[in-house]
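Summary of structural features
Here's the letter readout for the chains.
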Amino acid sequence: MTRQARGAVLALAAVVVLVAHPGRALAVYECGGESDTCSCGGSNFCLCDGTCGNCVWHAWHSACCGWGRALEWCTDAGTWDEYARDNGYPTGGDPRGNSVFVCNPSGTCSGWGHVGWVVRAYPDGSFDSTEQFWGGPCGTHDRHRSAGFATAGFIYDPGGGSVPTEIDDADYVSETVPDGTHFGPGESFDKHWTLRNSGNTTWTRGGSYLLTFDGDERFGAAEQTLLPEGASVAPGATFEFSVPMVAPASPGTYRGYWRMDRFGTGRFGDRIWVEIVVDDRPVDADGDGVVATEDCDDHDASVHPGADEACNGRDDDCDGETDEGVLNRCGACGPEPDEVCDGADNDCDGRVDEGCPGSDAGPDDGGAEDAGDDGGHDGGDVPWDGGGWPREDSGPGINYDMEGGCTCRQSGSGSASTPFLFGLVVLSPLLARRSR
Amino acid sequence: MWRAGQRQSRTFRSWVTRVCGVLPLALVALACACSLADDAPSAANAQQTRPALAELAPARVVAAGEAGSLVTPRWRPDGRGIVASGHLGRGLYDVDLREGIAREVARDIVAGRSLVFRPDGRAVAVPAADDGTIEVALDNGREVRFVSRPAYVPAPERLSDGRSDAVVLWRGRHERVLFEPLRGRVARVTASGEEVVAEEGAWGVAPSPDGSRIAYCIGHLTDGHLFVHEREIGTRDLGPGVHASWLPDGRYIVFAVPEVAQDRVDEASLVGAELFLVDVETGRDVQLTATGDVTEMEPAVSPDGSEVAYADWRSGSLHVAWLTVAAPEGRLP
């Protein structure tokens, strides 16, 4: 006889007992002060010790109310774990809220075993429960059970028919930016949440685990915050998420929610939030004279509208463009490189190997990128004999410092030295005449 | 009245502790703004005029275990180390207090609060799922299974009306303290009979070292009350509290008071906890910790009474702090 068939026979037997023997052990509508009022597609067919109580009646009733599911069995408590597995219910050894605990027949839990309903579980493996007892104490009782009491484990919520073998869960641990923190309009801040993996799966980026925005004010944050590549958060371990945010522009109190998400499967765990107060005051965190709402980086005083654009890969003047007008002919910071005899247009002037022996481009006309006599270039294939970028020869009064990066400032596509030297050539006869 | 009004003041105390916002601090600090924690004005004033009953030095943190968290610290009998459990009570870890290292001893053992040290302190016995016992050597994790139990684990008994086993929590020359987990009944058994200490629903039962007093909790963890039964005197309700641990003199108890929030409809959740010490002879109590970011639970007083280990249920780390009681010889100022 299969377990299901045995369950059906037991259910039938319970009905027979109910009809034929209105004595002490009855399948009843009320037991231990509770009534079979929940809707789960079936009636509680467990027996009751008079009206005193029975652990299985209460566990069946709790599953009906908590899971919306009529359990297919109501056998001796000590066999519930087996029937649960046979009927496709998820089971395991870790306590969880809204589950049924099972204690094996033993000296501790009597020869029949014991079951009860887990209300909530704690980090030490203990759990709060509600229970009834055959033979008393009568009624439904609150209990706190130590880790290890449920020797046969736990039966989990089957989730409306599906049987999840993986449990995603997350518990809030700590946070930065506590509720009620004040910010100015448009002020940026980073919110950190530490969450514990309280499920039985491991969070990884590849597993599509992420932190996602879950409603109300978003604070300009990204919709999703991914785990770093290679990060692995095992069950029981914690992980700190960091989410850059910006305070809204209008004064007031704002709250937004975030939650863990297994992308494609669903959101899970504690719903966490950030709640801030935006004051009616302009904020200029970097003291550059431009308030945060108008400053594209209110943490760097060198960046603000009206600032000079420097060749540094950033939008210094907050106009939406980066390094506009300060790049050289080659599209990089600093002066163009020297032309060397390598078959390439090194100085980006549209000519190749100008000034090299045999070159069609012919000698340059005196520009700054003229190979000239640099003392270091020998016209060979190797334009530079050391590390780093070649140092440009400087004309009189011109000081290029390439080692520090992009300290040169220039506009247009021409070299700064070109008009200077051109002027020098034009004016030199006059200067020579005056000196006489 | 024993810590009267504490339940009502818990939210306020939480606010105060967050405002004070410090790590575990000396109870002397109650004399400052934090003294508002006691909401009875007369009691608060009286407390300010007396020296602190006890204080807990800032704790040192023992690293969390390989399992992600450490819970349920238990001192070795010689006080030189701690055996803790891992996440959700699973696994056993041997904690070296000098090195701050938690070494995994057993992976799947769920010891709960039933762990018994072998007299030499080199192994522990935990109940198996089948009424047997598993002995685990702490130095190499070797497990020995007993059909019943090793000699140093007391055999269970049955109370006179019991239908399940009761464990022997304390044994004297002519007296035993029994706890029947299924019903949660606690009884003191002597040659003259059985005295019921707690009818049903008790958990976290802790007899004092001399057996004259028995501390236990009734209720869920989130709303549990701490009781102390004293031989020939009776039972007193100490108010909200769980996880009682006696000092060696049997007069003081360190315990945890959970802070609870109703975060969902009809459902309470643990959002924090603080440690307290109570003098069971006078009912005078003091708050040992005041933190907003540590959930101090499961205090365990060291065998010599000089230190308290506890688990932070928020971070999963173990903490150990020096404990100083104003009247170690048993007389209060």
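Right above here is the structure, for reference.
Residues numbered from 1 in each chain as written. Chains lettered and ligands numbered in written order. Predicted model: local features only at pLDDT ≥ 70, side-chain atom pairs only at ≥ 80, totals over all residues. Heavy atoms only, no water.

Listed per partner, the contact involves 41 residues of chain A and 39 residues of chain B. Overall, the association of chain A and chain B removes approximately 3,100 Å² of surface from exposure, summing both partners, and the carbon and sulfur fraction of that is 53%. Its largest share of buried area at the contact with chain B, chain A owes to Pro123, Asp124 and His144 of chain A, together 18% of the area lost on that side. At the surface where chain A touches chain B, the tally comes to three salt bridges. The residue arginine 90 of chain B makes a salt bridge to aspartate 94 of chain A at a minimum N-O spacing of 3.2 Å. At the boundary of chain A with chain B, the tally comes to 20 residue pairs in polar contact (both at pLDDT 80 or more). (Contact = heavy atoms within 4.5 Å. Buried area = accessible area lost by both parts, 1.4 Å probe. Salt bridge = Lys/Arg side-chain N within 4 Å of Asp/Glu carboxyl O. Polar contact = N/O pair within 3.5 Å; in protein donor to acceptor, adjacent residues only side chain to side chain.)

For strand E3 (residues 71–75) of chain B, the tally of buried residues reaches five of five residues, placing the bulk of the element in the interior. The turn joining E3 of chain B and strand E4 (residues 82–85) of chain B, which pair antiparallel and follow one another in sequence, is formed by six residues; a positive phi near 75 degrees is taken by glycine 79 of chain B. (Buried < 20%, exposed > 50% of the residue type's maximum accessible area, 1.4 Å probe, protein only. Helix = DSSP H or I, 4+ residues; strand = E, 2+ residues; numbered from the N terminus. Pairing = 2+ DSSP bridges.)

Moving on: the state of the cysteines. All names here are of chain A. One pass over the structure, following the stated rule, counts ten disulfides over all chains. Between the sulfur atoms of cysteine 31 and its disulfide mate cysteine 48 the distance is 2.1 Å. Its S-S torsion of about 85 degrees marks the bond between cysteine 31 and cysteine 48 as right-handed, since a negative value means left-handed. In this pair, cysteine 31 is assigned in strand E2 (residues 30–31) and cysteine 48 in strand E4 (residues 47–49), connecting sequence segments 17 residues apart. Take cysteine 31: its relative accessible area is 0%, and that puts it in the buried class. Cysteine 48 gets classed as buried once you look at its relative accessible area, which sits at 0%. Disulfide pairing places cysteine 46 opposite cysteine 74 at an S-S distance of 1.8 Å. Looking down the S-S bond of the cysteine 46 and cysteine 74 bridge, the torsion is 120 degrees, so its handedness is right-handed. One end of the pair, cysteine 46, is in the loop between strand E3 (34–35) and E4; the other, cysteine 74, is in the loop between helix H2 (55–67) and helix H3 (80–86), and 28 residues separate them in sequence. The buried category is assigned to cysteine 74, whose relative accessible area is 14%. Here cysteine 55 stays unpaired: no disulfide links it, and the sulfur of cysteine 74, its closest cysteine neighbor, is 8.6 Å away. (Disulfide = S-S within 2.5 Å.)

The next thing to look at is the pattern of salt bridges. Residue and element names in this part refer to chain B. Counted under the stated rule, the structure contains 40 salt bridges over all chains. A salt bridge links arginine 107 to glutamate 104; its shortest N-O distance comes to 3.1 Å. Overall, the relative accessible area of 23% leaves glutamate 104 in the partly exposed class. A salt bridge links glutamate 281 to arginine 213; the shortest N-O distance between them is 3.3 Å. With glutamate 281 in the loop between strand E21 (267–279) and strand E22 (285–287) and arginine 213 in strand E16 (residues 213–218), this residue pair connects regions lying 68 residues apart in the sequence. For glutamate 281, a relative accessible area of 43% translates into the label partly exposed. Residue arginine 213 is classed as buried on the basis of its relative accessible area, which comes to 8%. A single salt-bridge network, built from bridges that share partners, covers Arg213, Glu230, Arg236, Arg251, Asp279 and Glu281.

Let us now look at the nonpolar core. Judged by nonpolar contacts, the single largest core of 40 residues is most densely connected at Ile82, Val95, Leu277, Leu288 and Leu323 of chain B. No other element matches the five residues that strand E25 (residues 318–325) of chain B contributes to this core. Once residues within four sequence positions are removed from consideration, leucine 323 of chain B is found in contact with Ala54, Glu55, Leu56, Leu247, Val254, Leu277, Leu288, Gly305, Ser306, Glu307 and Val308 of chain B. Counting residues in each nonpolar core, the second largest holds 28 residues, with Trp203, Val233, Val243 and Phe268 of chain A among its members. (Core = buried A, V, L, I, M, F, W, Y, C linked by side-chain atoms within 4.5 Å.)

All names here are of chain A. The end-to-end C-alpha separation of H2 is 17 Å, in line with the 18 Å expected for 13 residues at 1.5 Å each. Counted residue by residue, H2 has eleven buried out of 13 residues, so it is predominantly covered. Turning to H2, its buried residues are Cys55, Val56, Trp57, His58, Ala59, Trp60, His61, Ser62, Ala63, Cys64 and Trp67. At the C-terminal side of H2, glycine 68 shows a positive phi close to 65 degrees. (Expected span 1.5 Å × (residues − 1).)

Attention shifts here to the environment of threonine 108 of chain A. The topology assignment puts threonine 108 of chain A in the loop between strand E6 (99–103) and strand E7 (114–121). The class for threonine 108 of chain A is partly exposed, based on a relative accessible area of 27%. Between the C-alpha atom of threonine 108 of chain A and that of phenylalanine 149 of chain A, which follows or precedes it by 41 residues, the distance is 8.7 Å. Residues within four places of threonine 108 of chain A in sequence aside, it is in contact with Phe149 of chain A together with Asp131, Ser164, Asp165, Pro181 and Leu182 of chain B.

Let's shift gears to the packing of aromatic side chains. Counting across every chain of the model gives 19 aromatic pairs over all chains. Measuring from centroid to centroid gives 5.4 Å for phenylalanine 127 of chain A and phenylalanine 154 of chain A, while their planes differ by 85 degrees, and the two rings are edge-to-face. Here the residue phenylalanine 127 of chain A occupies a position in strand E8 (residues 127–131), and phenylalanine 154 of chain A occupies one in strand E10 (residues 154–155), the gap between them amounting to 27 residues. The burial state of phenylalanine 127 of chain A is the same as that of phenylalanine 154 of chain A; both residues are buried. Considering the side-chain rings of phenylalanine 255 of chain B and phenylalanine 276 of chain B, the 5.9 Å spacing of their centres and the 20 degrees angle between planes classify their relative orientation as stacked. Residue phenylalanine 255 of chain B is found in strand E20 (residues 252–264), and its partner phenylalanine 276 of chain B is found in strand E21; the two are separated by 21 residues along the sequence. Across this residue pair, the class does not change: phenylalanine 255 of chain B and phenylalanine 276 of chain B are buried. Taken together, the ring pairs in this structure connect Trp67, Trp73, Trp80, Tyr89 and Trp117 of chain A into an aromatic cluster. Its guanidinium or amino end placed over the ring of phenylalanine 213 of chain A, arginine 218 of chain A lies 5.8 Å from that ring's centre, counting from NZ or CZ. (Phe/Tyr/Trp six-rings, centres within 6.5 Å; stacked < 30°, edge-to-face > 60°. Lys NZ or Arg CZ within 6 Å of the ring centre and 35° of its normal.)

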